[in-house]
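Next come the chains, spelled out residue by residue.
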Amino acid sequence: MNSGTYQQISQDEAKSIMDSQSGYIIVDAREQYEYDEGHIKDAIVIPYTEIEAKAEKMLPDKEQLILVYCRSGRRSKIAAQSLADMGYTNVKEFGGIIDWQYDIVK
């Protein structure tokens, strides 16, 4: 299987997509307790260690735009690469919530 690629985008680009497009999914690659402490609106939590086990069920459309973040950007890069390796074609990674300048849900 070919190793896929994901695109790294800025948080401003991610926010622009969230504001102007529909039909995307935001994946929070952190653990559930971290998500519970605060997350980006409408994000779903799939810990990066569980991406390969859960992606096909939770993310059935491999061409859907998927925006991935975590706390600092390390785990989201791993998660985004895992998705790309699994054949997802429209994965964009935008770093960590610690740098997110916009609203979060607590």
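Everything below is about the structure shown above.
All figures in this text were calculated on a predicted structure; none of them were measured in a lab.

Novice: What exactly am I supposed to notice about the pairing of strand β4 (residues 66-70) here?
Specialist: Every other side chain in a regular strand lies on the same face of the sheet, so the side chains alternate between the two faces. Burial analysis of β4 places five of its five residues in the buried class, the great majority of the element. Bridging between β4 and strand β5 (residues 91-96) involves four bridges; their strand directions are parallel. Along β5, the bridge assignment pairs Val-68 with Glu-93. The parallel pair β4 and β5, bridged by helix α4 (residues 74-85), forms a crossover whose chirality is right-handed.

Novice: What should I look at first to understand the sheet that holds β4 in this one?
Specialist: Strand pairs in the sheet, formed through backbone hydrogen bonds, run parallel or antiparallel to each other. The strand order β1-β5-β4-β2-β3 describes an open sheet built from five strands, whose pairing is parallel. Either end of the sheet is taken by a strand with one partner, and the two such strands are β1 (7-8) and β3 (44-45). Together, β1, β4 and β5 form the strand contacts of α4, whose direction differs from that of β4 by roughly 150°.

Novice: Hey, could you run me through the environment of Asp-36 in this one?
Specialist: On the secondary structure map, Asp-36 appears in helix α2 (residues 32-37). Residue classification places Asp-36 among the partly exposed positions, given a relative accessible area of 47%. Each C-alpha atom of the pair Asp-36 and Val-105 lies 8.8 Å from the other, and the pair is 69 residues apart in sequence.

Novice: Looking at this model, I keep getting lost on the packing of aromatic side chains. Mind explaining?
Specialist: Geometry of an aromatic ring pair is reported as the spacing of the ring centres plus the angle between the planes. In the structure shown here, the tally under the stated rule is three aromatic pairs. An angle of 40° between the planes, with centres 5.5 Å apart, marks the rings of Tyr-69 and Phe-94 as tilted. Of this pair, Tyr-69 sits in strand β4 while Phe-94 is found in strand β5, placing the two residues 25 residues apart along the sequence. Each ring, one from Phe-94 and one from Trp-100, has its centre 5.4 Å from the other, and the planes form 50°; the classification is tilted. By relative accessible area, which is 2% here, Phe-94 ends up buried.

Calculation rules
Starting afresh in each chain, residues are numbered from 1 along the sequence in its written order. For this predicted model, a pLDDT threshold of at least 70 governs which residues receive local features, and a threshold of 80 or more governs which side-chain atom pairs are given and counted, while totals over whole chains, interfaces and linings are taken from all residues. Based on all heavy atoms of the structure, the side-chain values leave hydrogens and waters out of the count. For every residue, the accessible area obtained with a 1.4 Å probe (protein chains only) is divided by the maximum for its type, and the residue is called buried under 20%, exposed over 50%, and partly exposed between those limits. By definition, any uninterrupted DSSP run of H or I lasting at least four residues is a helix, any uninterrupted run of E lasting at least two residues is a strand, and each is numbered from the N terminus. Here, strands pair whenever DSSP counts at least two bridges between them. By the criterion used throughout, a crossover qualifies as right-handed when its path from the first strand across the helix to the second strand runs clockwise, the strands pointing away from the viewer. When checking whether two residues touch, look at their non-hydrogen atoms; a contact exists if any pair is within 4.5 Å. Lines are fitted to the C-alpha atoms to define the axes, a helix being fitted only along its stretch in contact, and any angle between axes, read from their N-to-C directions, falls within 0 to 180 degrees. Aromatic contacts are taken between Phe, Tyr and Trp rings whose centres are within 6.5 Å, Trp giving its six-membered ring; a plane angle under 30 degrees counts as stacked, one over 60 as edge-to-face, and the others as tilted.

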